[in-house]
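Each chain, written out:
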Amino acid sequence: MSARRTLLVPAALVGVLLAVSGCGPDDPSGPGPTQAATGTPAVATPTGAPASASASAPTSAPKTTTPTVPTADAPPTGAAATPAGGGADDSYAYTHPCDTKDLTIRVTARPEAPSQRVIEVRNQGARSCGLSYFPLVSVGDSHAADRSKDLRPLVPGGLGGPPAYPVGAGRTAYAVIDLNPGGGSAATTAGVDELNVLADGDHMPTGETRNFPLGPGAKVRAPKLGLYRATVADAVASAATADQRQ
């Protein structure tokens, strides 16, 4: 066999094999070298991708603390509450009698009870102070040189308890005298036209006594005086219990 024939046999065999496989090196239908085995491109997901916005958002807004602002009428921090006894510091008042210069005294009539007079003692001082249980009161003739015959009202008996009546700074103590508790008009002490008041008969000299006119037509018989109280109503009730001479 010649050399040319020997070379043609292998070439013919290669052609047969290519025909059977149906693809050749230049067949465009064959899979490309970069395609995956399944034919679907794989989409790579980076493992280090950041979490979604909803996952990273905080679950709630941070709380904001608002400082407490005191109101205009709030008392200063640590201010003590006003005691019940007329706003007085009782323990201080018991050992500090009121000074006349710190007191203002008024006497007024009660329209609903013409025989009664209200004695108002107001503490104008900076601290509380103490008064006697009731003012030292008498009624008499303003023109008489001898005041020893002035009438003294009955007062409540059985007194006890604190050593004084406390009056807070800027507060008022009330006492009521009923000039004619029986209401009679026939028996009236002649010449009686003045009410004399000493705010504290236990500690003040008689020279501090204040004089107040009773006014025309005042009738006086067996007068009664009540204790100092925080209200006029309570002072009226106290006067009704007076049963003891001074």
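Residues numbered from 1 in each chain as written. Predicted model: local features only at pLDDT ≥ 70, side-chain atom pairs only at ≥ 80, totals over all residues. Heavy atoms only, no water.

Now for the overall build of the chain. A tally of regular secondary structure across the chain gives four helices and nine strands. Along the chain direction, N to C, the helices and strands of the chain fall in the order α-α-α-β-β-β-β-β-β-β-β-β-α. Split into buried and exposed, the 246 residues of the chain put 28% on the buried side. Taking contacts inside the chain between residues at least 6 apart in sequence as the whole, the part at least 24 apart equals 75%. Element-wise, carbon and sulfur atoms account for 58% of the exposed surface of the chain, whose accessible area totals about 16200 Å². (Helix = DSSP H or I, 4+ residues; strand = E, 2+ residues; numbered from the N terminus. Buried < 20%, exposed > 50% of the residue type's maximum accessible area, 1.4 Å probe, protein only. Contact = heavy atoms within 4.5 Å. Areas by Shrake-Rupley, 256 points an atom, 1.4 Å probe, with all protein chains shown as cover.)

Bringing helix α4 (residues 232-239) into the picture now. Regarding α4, the residues found buried are Ala 235, Ser 238 and Ala 239. Seen from one end, α4 has its buried residues packed into an arc of 100°, which puts them on one side. (Arc of directions from axis to C-beta.)

It is worth spelling out the pattern of salt bridges at this point. One pass over the structure, following the stated rule, counts five salt bridges. Residue Asp 150 is joined to Arg 147 by a salt bridge in which the shortest nitrogen-to-oxygen separation is 3.2 Å. With relative accessibility at 29%, the residue Arg 147 sits in the partly exposed group. In this structure, Glu 194 engages Arg 147 in a salt bridge whose closest nitrogen and oxygen atoms are separated by 2.9 Å. With a gap of 47 residues between them, Glu 194 in strand β7 (residues 194-198) and Arg 147 in the loop between β4 (136-140) and β5 (165-167) connect regions that are remote in the sequence. A relative accessible area of 12% means that Glu 194 is categorised as buried. Here the salt bridges share partners, and the residues they tie into one network are Arg 147, Asp 150 and Glu 194. (Salt bridge = Lys/Arg side-chain N within 4 Å of Asp/Glu carboxyl O.)

Each regular strand displays side chains that alternate between the two surfaces of the sheet. Where burial is concerned, most of β7 is hidden: five out of the five residues are buried. Of the two faces of β7, the one holding Glu 194, Asn 196 and Leu 198 and the one holding Leu 195 and Val 197 are both buried throughout. Where β4 meets β7, five bridges bridge the pair, whose relative direction is antiparallel. Residue pairing for β7: Ser 138 is matched across the bridge by Asn 196. (Pairing = 2+ DSSP bridges.)

Taken over all residues, the pLDDT of the chain has a mean of 75, while the share at 70 or more is 63%. In this model residues 1-86 is a low-confidence stretch, pLDDT under 50, and it forms 10 contacts with partners more than four residues away in sequence or in other chains. (pLDDT = per-residue confidence, 0-100.)

Attention now moves to the sheet that holds β4. The antiparallel open sheet is built from three strands, whose spatial order is β4-β7-β8. Where the open sheet ends on each side, the last strands, each with one partner, are β4 and β8 (210-213). Neighbouring strand axes in the sheet, compared pairwise and without regard to direction, differ in orientation by 20° on average. (Axes fitted to C-alpha atoms, helices over the stretch in contact; angles between N-to-C directions.)

So, about the nonpolar core. Ile 119, Val 121, Leu 131, Ala 199, Leu 225 and Tyr 228 are the most contacted members of the largest nonpolar core, which totals 30 residues. For this core, the elements supplying multiple residues, two or more each, are β1 (103-110), β2 (113-123), β3 (129-131), β4, β5, β6 (172-178) and β7. The contact partners of Ile 119, leaving out residues within four places of it in the chain, are Ile 105, Arg 106, Val 107, Pro 135, Val 137, Ala 173, Tyr 174, Ala 175, Val 197 and Leu 225. Grouped together as the second largest cluster of nonpolar side chains are five residues, Val 118, Tyr 174, Val 176 and Ala 235 included. (Core = buried A, V, L, I, M, F, W, Y, C linked by side-chain atoms within 4.5 Å.)

Cysteine pairs can be linked by a disulfide, which is a covalent bond between their two sulfur atoms. For the structure on display, the rule yields one disulfide. Each sulfur in the disulfide pair Cys 98 and Cys 129 lies 1.9 Å from the other. Here the disulfide of Cys 98 and Cys 129 is right-handed, its torsion about the S-S bond being about 85°. Taken together, the positions of Cys 98 in the loop between α3 (90-94) and β1 and Cys 129 in strand β3 put the pair 31 residues apart, joining distant regions of the chain. (Disulfide = S-S within 2.5 Å.)

With that out of the way, let us pick up the sheet that holds β6. Note: strands within a sheet are paired through backbone hydrogen bonds, in either parallel or antiparallel orientation. In spatial order, the strands read β1-β2-β6-β9; together these four strands make up an open sheet with antiparallel pairing. Two strands bound the open sheet, and with one partner strand each, they are β1 and β9 (224-225). Pairing analysis gives two bridges linking β6 to β9, with the strands arranged antiparallel. Paired with Ile 177 across the two strands is Leu 225, which belongs to β9.

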